[in-house]
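# Commentary on secondary and tertiary structure
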Amino acid sequence: MDPNASFKTSLSAWILGIFCFAVGLAGGRTFATSRVGIELFSDPTGTLEVFSSSGALDSRNPFFHVLGTNGRTCESCHVASDAYTITPPHIQQRFAASNGADPLFRPVDGSNCPDSPGVNSNPPDPAAYSLLLNKGLIRVGMAIPANAQFTVSVVSDPYGCAQTTDSTGRVRLSVYRRPLPSTNLRFLSAVMFDGRETLKPLNDPATYRANLEFDLADQARDAIMTHEQGVTPPTQDLLKQIVDFEIATYSAQQADNSAGPLVSQGAKGGPVYLSSVPYYPGINDSLGGNPTGAEFNPNTFTLFNVWQNLTSHTPSAAARASVARGQAIFDTAPLLIQDVKGLNDALGVATINGTCSTCHDAINSGGHSLPVPLDIGIASVATGSSGPLNEALGELHPPLVPVYDLTCSTNLGGPLNFTVRTTDPGRALVTGRCADIGKVKGPVLRGLAGHAPYFQNGAADTLEQVVDFYNDRFQMGLTANEKADLVNFLRSL
Ligand code: HEC
Ligand code: HEC
């Protein structure tokens, strides 16, 4: 790839941007404000705002360049209007508008399998891309670690590539995951759902920034070499430009159709305030890991405190009061946390009396402030018997993906002999440890309204489904009104 060619392409895109600034709007992107670092996009329940703390959202950044061989850029899967992931309605629009030629639709990981029938026909068969089109899922081919404490057998293989052997002889499993938002990255304690790009740990305030930049540079290089099918590894300088762009970019809901501007009457919604939210590894840690020694405060979110005691009775005041009640539910409504691997087993406590903020403890960003991979059961396969997890899974709309049995064996160094059925072994495919089966990170909870579906596998199509899942999973006993309040809060993030 001639680097000048991509520079020229993006330069002309930039010039086009200035031109569109002169004439107004282009494809929903407001170029008028992009040059001062703000972009606004409508989403299903209001307006999403993207803000760059560097002062400009520069579309000349290599994030927007073709850096590999298949025509993709980072933006192919991380689009500003979708809170820097991709969403099924826009994916379907891109397929229709390009007749399947948009580089997102590449067999390497965009189709259900690289050799699905019709994957390369002209136009490609949408059935070959059904997981991407319907759930925004990308295929991640994870090698089984050489030291794995388990063996894997395929229980169901709907597309024919559940388990493959690569050119170096390694056995790979196909798991299907949502692109994590490449925004609000200053609040990460792990990179990727399974933390596989957290090469240098994000657990110490002294090394946080340097390690985050190192990890994200490595992540970007791997994205270029895999998703973009690169042949020439990118330079450190290019990776640094991408990482600087990513870390400076914040995304959050800015206005809600019912509650109005999320900054009104002193509320602190939107990405500009988010860019000033303090963060360091361990901040407000719920397990006592705050390096300052400060105790955990369950009031993780405080953005809408000022809306708690509104006296006016206008419709928007009622909607704002609901958002504030939802915030209080998130921070304080009791949850019975049971059977969460990484938490109940690690603490040796069968039931933890917690709140949403027990796991989403990072102040006003909502991730977990230390790397604690957890299995809340999203990738589990419902068994049809009763129990909170099965009921909770019944609230979701999971994708049709391969199912695996992982058999742990003491002969392989495992702790015990047992079998786990799952659609995604999560962190176990990084460490090889039985204890890590199904564990993933809890993501940052901002810009949610703009990036459905939710969870690693898109199993929740809506925030209502997310709340129904948790209400069953952790036996919250929420009323219909309380659920609505919690949803209104989540969509205001
Ligand atoms: C074909 C789609 C695709 C392309 C192209 C792509 N990504 Fe991603 N990205 C993903 C997926 C899927 C994940 C989550 C995978 C996982 O967790 O296993 C992800 C995760 C990430 C994350 C991790 C965020 C977090 O919270 O841990 C970052 C950062 C990121 N991508 C940046 C980039 C950059 C930079 C580029 C371009 C060099 C890029 N991506 C290109 C699909 C893509
Ligand atoms: C026991 C820990 C735990 C508790 C308690 C918890 N979460 Fe989560 N949350 C997670 C983990 C882990 C994930 C990622 C799961 C996955 O994708 O497989 C997650 C994911 C989410 C997501 C999806 C975000 C996205 O972008 O896809 C939302 C929304 C969410 N949680 C909201 C809540 C709310 C609301 C509550 C309280 C009702 C709550 N969580 C309680 C651990 C927890």
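An account of the accompanying structure is given in this report. Here the structure is a predicted model, which means the values were calculated and not measured.

Another aspect to go through is the environment of Asn299. Relative to the helices and strands, Asn299 is located in the loop between α7 (271-274) and α8 (315-332). The class of Asn299 is partly exposed, set by a relative accessible area of 36%. As a C-alpha pair, Asn299 and Phe330 span 31 residues in sequence and 8.3 Å in three-dimensional space. Sequence-distant contacts of Asn299, defined by excluding residues within four places in its chain, comprise Asp331 and Thr332.

Before going further, it helps to examine the state of the cysteines. According to the stated counting rule, one finds two disulfides in the structure shown. Between the sulfur atoms of Cys113 and its disulfide mate Cys161 the distance is 2.0 Å. Looking down the S-S bond of the Cys113 and Cys161 bridge, the torsion is -85 degrees, so its handedness is left-handed. On the criterion of sequence distance, the pair formed by Cys113 in the loop between α3 (88-98) and α4 (130-135) and Cys161 in the loop between β4 (150-156) and β5 (163-165) is long-range, its members being 48 residues apart. A relative accessible area of 0% means that Cys113 is categorised as buried. Here Cys161 falls in the buried class, since its relative accessible area comes to 3%. Here Cys408 pairs with Cys434 through a disulfide, and the sulfurs are 2.3 Å apart. Its S-S torsion of approximately -120 degrees makes the covalent link between Cys408 and Cys434 left-handed. Separated by 26 residues along the polypeptide, Cys408 in strand β11 (residues 403-408) and Cys434 in the loop between α12 (428-431) and α13 (463-473) bring together distant segments of the chain. The same class applies to Cys408 as to Cys434, namely buried.

Here is what the cut-offs are and how they apply
Residues numbered from 1 in each chain as written. Chains lettered and ligands numbered in written order. Predicted model: local features only at pLDDT ≥ 70, side-chain atom pairs only at ≥ 80, totals over all residues. Heavy atoms only, no water. Helix = DSSP H or I, 4+ residues; strand = E, 2+ residues; numbered from the N terminus. Buried < 20%, exposed > 50% of the residue type's maximum accessible area, 1.4 Å probe, protein only. Contact = heavy atoms within 4.5 Å. Disulfide = S-S within 2.5 Å.

Bear in mind that shape data such as this cannot, by itself, settle questions of function.
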